[in-house]
Amino acid sequence: MTSEIGPTGEPAKLTFSGDASRSLLVVDDDPPFRNRLARAMEKRGFDVVAVDSVAMGIEVAQESAPVFAVVDLRLGDGSGLDVVAALRDARPDSRIVVLTGYGNIATAVAAVKAGAVDYLPKPADADAVEAALLADGRPLPPPPENPMSADRVRWEHIQRVFEQCDRNVSETARRLKMHRRTLQRILNKHAPRG
């Protein structure tokens, strides 16, 4: 494997050395978040390897096939979904959580279809990540404390169709059966809160 520098200046750990049943790969290109999450998960008993790129994530997945993984969706050198696919190929029963700061329904669906067991918005805390990784397999998670508002659900649906139409406003408006100018006004606004 290639070498990487850890948060304290020494070479980063790139192989699992502890309990194989608690091996966790963290792939995120935000160094403070990655290091904080890695330390928090180590305190919870996981054997953590943290890397910052798709290439490194795929390399660790192929060589070590961890039981657990936390993967950022958007990385500097590509999509975290490529790491998810490599993890699934190396270990079909791995439990993978995808994190992203660009959350919408379309990306959540893509992550789950690629093999993730859950999808969390960033910044996710270590408790939420651990709960998602160790979920007991119930078909539905508990209801959210603050569910999305109807306006937010509508906005997410419009964004999903817009992405599926390759960001073509006219085609999206036709499929949603709305006027193109109305759609443009909606797309130019920020997402509604909640």
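Bear in mind the structure is a predicted one, so any value in this text is a computation, not a measurement. (Residues numbered from 1 in each chain as written. Predicted model: local features only at pLDDT ≥ 70, side-chain atom pairs only at ≥ 80, totals over all residues. Heavy atoms only, no water.)

Enquirer: I tried to follow the overall build of the protein chain on my own but got confused; where do I start?
Expert: Check the secondary structure of the protein chain and you find eight helices and seven strands. A total of 194 residues make up the protein chain; the buried ones form 41% of that total. In the protein chain, once contacts between residues fewer than 6 apart in sequence are set aside, the share between residues at least 24 apart is 62%. When the accessible area of the protein chain is evaluated, it comes to approximately 11,000 Å², of which 52% is carbon and sulfur surface. (Helix = DSSP H or I, 4+ residues; strand = E, 2+ residues; numbered from the N terminus. Buried < 20%, exposed > 50% of the residue type's maximum accessible area, 1.4 Å probe, protein only. Contact = heavy atoms within 4.5 Å. Areas by Shrake-Rupley, 256 points an atom, 1.4 Å probe, with all protein chains shown as cover.)

Enquirer: What is the right way to look at the UniProt feature "modified residue: 4-aspartylphosphate" (unreviewed entry) in the protein chain in this model?
Expert: As recorded in UniProt, the sites labelled "modified residue: 4-aspartylphosphate" (unreviewed entry) are D72. Residue placement: D72 occurs in strand β3 (residues 68-72). Apart from the residues within four sequence positions on either side, D72 is in contact with V27, D28, D29, G80, L99, T100 and K122. (UniProt positions renumbered as here; feature names shortened; annotations may be inferred.)

Enquirer: Just to check I follow, could you spell out unusual backbone geometry for this structure?
Expert: For residues that are not glycine, phi is negative in most cases, and the peptide bond is trans in most cases. One non-glycine residue, R167, lies in the positive phi region at around 60 degrees. Within the chain, K177 stands out as a residue other than glycine whose phi angle is a positive 55 degrees. Mapping K177 onto the fold places it in the loop between α7 (169-176) and α8 (180-188).

Enquirer: Would you take a moment to explain the sheet that holds β3 for this structure?
Expert: Strands belonging to one sheet form pairs held by backbone hydrogen bonds; the direction of such a pair is parallel or antiparallel. Spatial ordering of the open sheet is given by β2-β1-β3-β6-β7, a layout of five strands whose pairing is parallel. The outermost strands of the open sheet, each flanked by one partner alone, are β2 (47-51) and β7 (118-121). The sheet shows a mean angle of 20 degrees between the axes of neighbouring strands, taken without regard to direction. Direction of pairing for strand β1 (residues 23-27) relative to β2: parallel, over a ladder of five bridges. Each residue of the ladder has a partner; that of L24, found in β2, is V48. (Pairing = 2+ DSSP bridges. Axes fitted to C-alpha atoms, helices over the stretch in contact; angles between N-to-C directions.)

Enquirer: How should I be thinking about the pattern of salt bridges in this particular structure?
Expert: Any two side chains of opposite charge can pair, so long as their charged atoms come close to each other. Evaluation of the coordinates by the stated rule reveals six salt bridges. D93 is the partner of R91 in a salt bridge, and the nearest nitrogen-oxygen pair spans 3.2 Å. One salt bridge in this structure joins E171 and R175, with 2.6 Å as the shortest N-O distance. Highlighted residues: E171 and R175, both in helix α7, separated by four residues, approximately one helical turn. Judged by its relative accessible area of 22%, E171 falls in the partly exposed class. A relative accessible area of 51% places R175 in the exposed class. Via salt bridges that share partners, R44, D127 and E130 belong to a single interconnected network. (Salt bridge = Lys/Arg side-chain N within 4 Å of Asp/Glu carboxyl O.)

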